[in-house]
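Report on the structure
Residues per chain, in single letters:
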Amino acid sequence: MDVGHCILDGNADAVEFCPHDSFHNVLAASTYVLQEGDRPSRSGCITLFDVDADGGRLESFQKVETAGIFDIKWSPGHLQSPDKPLLAQADADGCVKIYRLQCSDSDGSEISGTSLNEVTGQTISSSMCLCIDWNQSATSLAVGLSSGSVSIVSLHEAQLETLHEWKAHDFELWAASFDIQQPMLVYTGSDDCKFSCWDLRDDPSNNSVFQNTKAHKMGICCIAKSPFDPNTLLTGSYDEYLRVWDVRSSSKPVSESSICLGGGVWRIKHHPTVQGLVLTACMHNGFSIVRFEGDRVEVVETYDKHDSLAYGADWQRGLVVGGKSAAIASCSFYDRLVRVWKPKDVFM
């Protein structure tokens, strides 16, 4: 079940496998460290790993020092672009940075020739950037801010430009996510317990498409639209519930199923090829793999080999039947731990 583990130099808060075909073996992990004192500072880094789950390999090959990071995201893997994979960073300095993963070998076969290089970076706010998400064409990013605002930032020819910024919530905005099938829609969630949807075709600061203020009993940590079903969206909350929504109504989600996972649901990741299967990071209760269909939601596997806040989780892309077994990466905060492991019974 366990492939390998590594202790990072800082508090681990996000892990992301590269979704692009030639780089499925590349795992990025980010850290956040608060240096307290008269002049407090927040530092962090991105560490890249080479992962071979079948061979039991988890080897670091690059570290990029930066500001304290709250979130990282690879550009969507379906893009067949000569520009190579991009990695976006949201950090405590109010900055968005974009890196490009490049391989000096023509066939991309040697990890020793692979490196992460900064393309551009820009301070977009005096507040901290808490979360980040790409649209499906990798031309825009949604950024949630500690002020409760959300910024929509465009990326064009290695230049970042803020297209929209509006006060979306009353408190910290931990979740901002583009709709996969309708990229003009953005979903947001915050410590104010409000779950909202905004339409970028109008001025989003004037009104929301919908706003649910009653379902979540505590702050909203994450939002994940299904890549398979345009009507399905999941939310995670400090109240320990994973909620499965049907959002086909234009005014509000029309139905909701939920399951208590025993810890604040900080991260949700849909399986890249299996519909109705998600990986969750549950803060005080490790990691859970959850299957859902219709109104039925059930935990099918748990992983409890972390001793600190479970924050980061992701699926590795790759074959799971009759070939290479896909793996999972997870990380926890105070013990600075990254683990790579294989689920036991999910694909039986």
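Structure: see above.
Okay, so let's go over this structure. (Residues numbered from 1 in each chain as written. Predicted model: local features only at pLDDT ≥ 70, side-chain atom pairs only at ≥ 80, totals over all residues. Heavy atoms only, no water.)

With that settled, the discussion passes to the layout of surface pockets. Here the largest pocket is characterised by a volume of approximately 1200 Å³. For the lining of the largest pocket, the residue count by class is 29 nonpolar, eight polar and 11 charged. Considering only enclosed or pocket space, the second largest pocket measures out at about 320 Å³ in volume. In this structure, the second largest pocket is lined by 18 residues; those nearest its centre are Asp229, Thr232, Val244, Phe292 and Gly294. (1 Å grid on protein atoms, 1.4 Å probe; cavity = no way out; pocket = protein on both sides within 12 Å on 5 of 7 lines; lining within 4 Å. Points joined across faces, edges and corners; volume = space filled by probe spheres on them. Nonpolar A, V, L, I, M, F, W, Y, C, P; charged D, E, K, R; others polar.)

Turning to unusual backbone geometry, a few remarks are in order. Even without a glycine there, the phi angle at Glu157 is positive, about 50°. Relative to the assigned elements, Glu157 resides in the loop between strand 12 (149-156) and strand 13 (159-167). (Helix = DSSP H or I, 4+ residues; strand = E, 2+ residues; numbered from the N terminus.)

Turning next to the environment of Ala158. In this structure, Ala158 sits in the loop between strand 12 and strand 13. Accessibility expressed as a relative area gives 32% for Ala158, which makes it partly exposed. Distance from Ala158 to Ile98, taken between C-alpha atoms, is 8.5 Å for residues 60 residues apart in sequence. Discounting residues that sit within four places of it in the chain, Ala158 has contacts with Val119 and Thr120. (Buried < 20%, exposed > 50% of the residue type's maximum accessible area, 1.4 Å probe, protein only. Contact = heavy atoms within 4.5 Å.)

This part covers the environment of Lys167. Mapped onto the fold, Lys167 is located in strand 13. Once the C-alpha coordinates of Lys167 and Ser151 are considered, the two residues, 16 residues apart in sequence, prove to be 9.2 Å apart. Setting aside chain neighbours within four positions, we find Lys167 in contact with Ser147, Gly148 and Ser149. At a separation of 2.3 Å, a polar atom in the side chain of Lys167 contacts the main-chain carbonyl oxygen of Ser147. Within the local environment of Lys167, its side chain forms a polar contact with the backbone oxygen of His169, the two atoms lying 3.4 Å apart. (Polar contact = N/O pair within 3.5 Å; in protein donor to acceptor, adjacent residues only side chain to side chain.)

In this section: the sheet that holds strand 22 (residues 267-270). The strand order 22-23-24-25 describes an open sheet built from four strands, whose pairing is antiparallel. Among the strands making up the open sheet, the edge pair consists of strand 22 and strand 25 (296-303). Each strand axis lies, on average, 25° off the axis of its neighbour in the sheet, ignoring direction. As defined by bridge partners, strand 22 adjoins strand 23 (residues 277-281) across four bridges and the pair is classed as antiparallel. (Pairing = 2+ DSSP bridges. Axes fitted to C-alpha atoms, helices over the stretch in contact; angles between N-to-C directions.)

Glancing now at the side chain of Glu16. The residue Glu16 is located in strand 2 (residues 11-17) in this model. Its relative accessible area of 6% is what places Glu16 among the buried residues. Residues within four places of Glu16 in sequence aside, it is in contact with Val26, Leu27, Ala28, Ile72, Lys73, Trp74, Lys269 and Asp314.

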